[in-house]
Amino acid sequence: MLNIGKKPKTLKTLQIIPALPKGGAERLVLNICHELTKREAIELTLITFREDNAYPFLTTGINYKVIQAKFVPSLSGKPLKQLDALQEFINSYQPDIIHSHLFEAEMVSRQVLYPTATYFTHFHDNMHQLRPFSWQVLTNKTYLTEFYEKYLLQKQYKQCNNHCIAISQDAYQYAQKALKLTSKDVTLLHNAIDLSRFKPSNESKTKLRLVSIGSLVPKKAHAFLVDVVVHLHQIGIKAELDILGDGPEKDAISNRIKEVGLTQSIRLQGNVPYPEEFLQKADVYIHSANYEPFGLVLIEAMACGLPVVCTDGKGNRDLIKEGENGFMVWERDPKQFAEKVSLLLKEKDLYASMSKNALAFSQQFGIKEYVDKLLELYKKQSS
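Just so you know, these numbers come straight off a predicted model, no measurement behind them.

Asks: What is the right way to read empty space enclosed by the protein from this model?
Replies: Empty space left among the atoms is revealed by rolling a probe the size of a water molecule over them. Evaluation of the coordinates by the stated rule reveals two cavities of 30 Å³ or more. Looking at the second largest cavity, its volume works out to about 50 Å³. Around the second largest cavity, the lining residues are Arg27, Asn31, Leu58, Ile193, Asp194, Arg197, Phe198 and Glu300. In terms of residue class, the lining of the second largest cavity is built from three nonpolar, one polar and four charged.

The following block contains the structure:
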């Protein structure tokens, strides 16, 4: 007999991330949460361990709790634990899904196992703590500590029906190698964005503008982009560059800008709540990271109609269709990079084609479709 009118069972989900500073993983988690709250028969709670929140405008409208928790293993057998409040909440909440983001959340959440929950590990990057064994472990204290952390995690994984999600082909291969997983244990699920926020602008552009977004940390290599702008000016392209983000490299980048005399052309904008406002005023998105787990900002730029010129960060290989929606500069040569930017700015037909292709490409990364796939995965793994 059909159960006409019977409501589907509510799927109770926990998303856990250590805190909410500026970052791609944090933005993806918040986008996931907002989309999940729109779905029927889904109950969601987002947990962080600290009050840090660079996105107060994005945490409104979702069930968001700060529960102080930590777990720091010790080779001496005396770990630092603060787990009682989190365990008490999880026991009361009775989740079906516990989805952890970033390594700290991984360590903590696997110490508070709930017997009927299905656990998901999200590889937002290639977590170095999980790297495959090497003989350096025996000679390096940091490596030894991380190897011990991995050992403890893998013991917990065996008890909690754990499944991994990787954000790029590079992360997918790393997860398999690091944890000796098969394809049934890890799923490739590219990141997604809120396409309603990131759209092309119809406003006319009177200046040649470039934009780059990312924390001012060594791996993002923003100083490289300063040299790119130097080369552009040398060949007669007076482009301006806005760099969005903050971090420990700020002073060094600022000094380099002053050194080359481009303080009127390159602006450090700091952290901004609405990066789409800068993307919509720009002509080309440029990105110089030495390592990029995926490149969420590249998709946001494409969604605003911007072709992308970037260096190889491994994860962003999934996003660049060479000569169609952008260019990948394989050599870390500012002159070669500038030549690709110059080509886009000079060849109007090429620019129009690549802008159109970038926009079309970005549309497959909408958060609605992403969450559809995520829910299918949740249900498949927990059935």
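Asks: Could you clarify how one ought to interpret the pairing of strand β13 (residues 284-287) in this entry?
Replies: Walk down a regular strand and you will see the side chains alternate between the two sheet faces. A two-sided burial pattern is seen for β13, the buried positions comprising Val284 and Ile286 on one face and Tyr285 and His287 on the other. Here two bridges tie strand β10 (residues 209-213) to β13, and the two strands are oriented parallel to one another. Considered in β13, the bridge of Leu210 is made with Val284. Bridge analysis of β13 against strand β14 (residues 308-311) gives three bridges, and the strand direction is parallel. Each bridged residue has a counterpart across the sheet, and for His287 the counterpart in β14 is Cys310. Regarding the hand of the β-α-β motif, the stretch spanning β13, helix α10 (residues 296-303) and β14 is right-handed.

Asks: Would you take a moment to explain the packing of aromatic side chains for this structure?
Replies: Two aromatic rings, taken as a pair, are described by how far apart their centres are and by the angle between their planes. For the structure on display, the rule yields nine aromatic pairs. Look at Phe57 and Tyr274: their rings are 5.2 Å apart centre to centre, the planes differ by 50 degrees, and that puts the pair in the tilted class. Here Tyr274 lies in the loop between β12 (266-270) and α9 (276-279) and Phe57 lies in helix α2 (residues 56-59), a separation of 217 residues in the sequence. Aromatic side chains Phe361 and Phe365 sit 5.3 Å apart centroid to centroid with 50 degrees between the ring planes, which places their arrangement in the tilted category. On the accessibility criterion, Phe361 (12% relative accessible area) is buried. The exposure class assigned to Phe365 is buried, which follows from its relative accessible area of 6%.

Asks: Would you explain the pattern of salt bridges in this entry?
Replies: Think of it this way: side chains of opposite charge can pair up when their charged atoms draw near. Tallying each qualifying case throughout the model produces 18 salt bridges. The shortest N-O distance in the salt bridge between Glu104 and Arg50 comes to 2.8 Å. One end of the pair, Glu104, is in helix α4 (residues 103-109); the other, Arg50, is in the loop between β2 (42-48) and α2, and 54 residues separate them in sequence. Residue class for Glu104 comes out partly exposed when judged on its relative accessible area of 30%. A relative accessible area of 35% means that Arg50 is categorised as partly exposed. In this structure, the salt-bridge partner of Glu146 is Arg131, at a minimum N-O distance of 2.7 Å. Within this pair, whereas Glu146 is found in helix α5 (residues 141-157), its partner Arg131 is found in the loop between β7 (118-123) and α5, the two being separated by 15 residues in sequence. A cluster of three or more residues bridged by salt bridges with shared partners is formed by Glu35, Lys38, Arg39, Lys368 and Asp372.

Asks: Would you mind showing me how to read the pairing of strand β8 (residues 162-166) here?
Replies: Where burial is concerned, most of β8 is hidden: five out of the five residues are buried. Neither face of β8 is exposed, since Asn162, Cys164 and Ala166 on one face and His163 and Ile165 on the opposite face are all buried. Judged from the five bridges that link them, β7 and β8 form a sheet pairing that is parallel. Residue Phe123 lies in a different strand from β8, and its bridge partner there is Ala166. In this sheet, strand β9 (residues 186-188) lies alongside β8 in parallel orientation, the contact comprising three bridges. Within β9, the position partnered with Ile165 by the bridge is Thr187.

Asks: Is there a simple way to explain helix α11 (residues 334-346) in this structure?
Replies: Side chains three or four residues apart in an α-helix point the same way, a direct result of the helix having 3.6 residues per turn. In a regular helix each residue adds 1.5 Å, so 13 residues correspond to 18 Å; α11 covers 18 Å between its end C-alpha atoms and thus fits that length. Regarding α11, the residues found buried are Pro334, Phe337, Ala338, Val341, Ser342, Leu344 and Leu345. All buried residues of α11 fall inside an arc of 160 degrees around its axis, so they share one side. The inward-facing, buried residues of α11 contact β10, α7 (222-234), β13, β14, β15 (326-329) and α12 (348-362). One side-chain oxygen at the N-terminal end of α11 lies 2.9 Å from the backbone nitrogen of Lys335; it belongs to Asp333.

What counts and what doesn't
Residues numbered from 1 in each chain as written. Predicted model: local features only at pLDDT ≥ 70, side-chain atom pairs only at ≥ 80, totals over all residues. Heavy atoms only, no water. 1 Å grid on protein atoms, 1.4 Å probe; cavity = no way out; pocket = protein on both sides within 12 Å on 5 of 7 lines; lining within 4 Å. Points joined across faces, edges and corners; volume = space filled by probe spheres on them. Nonpolar A, V, L, I, M, F, W, Y, C, P; charged D, E, K, R; others polar. Buried < 20%, exposed > 50% of the residue type's maximum accessible area, 1.4 Å probe, protein only. Helix = DSSP H or I, 4+ residues; strand = E, 2+ residues; numbered from the N terminus. Pairing = 2+ DSSP bridges. Right-handed = clockwise from strand over helix to strand, strands pointing away. Phe/Tyr/Trp six-rings, centres within 6.5 Å; stacked < 30°, edge-to-face > 60°. Salt bridge = Lys/Arg side-chain N within 4 Å of Asp/Glu carboxyl O. Expected span 1.5 Å × (residues − 1). Arc of directions from axis to C-beta. Contact = heavy atoms within 4.5 Å. Polar contact = N/O pair within 3.5 Å; in protein donor to acceptor, adjacent residues only side chain to side chain.

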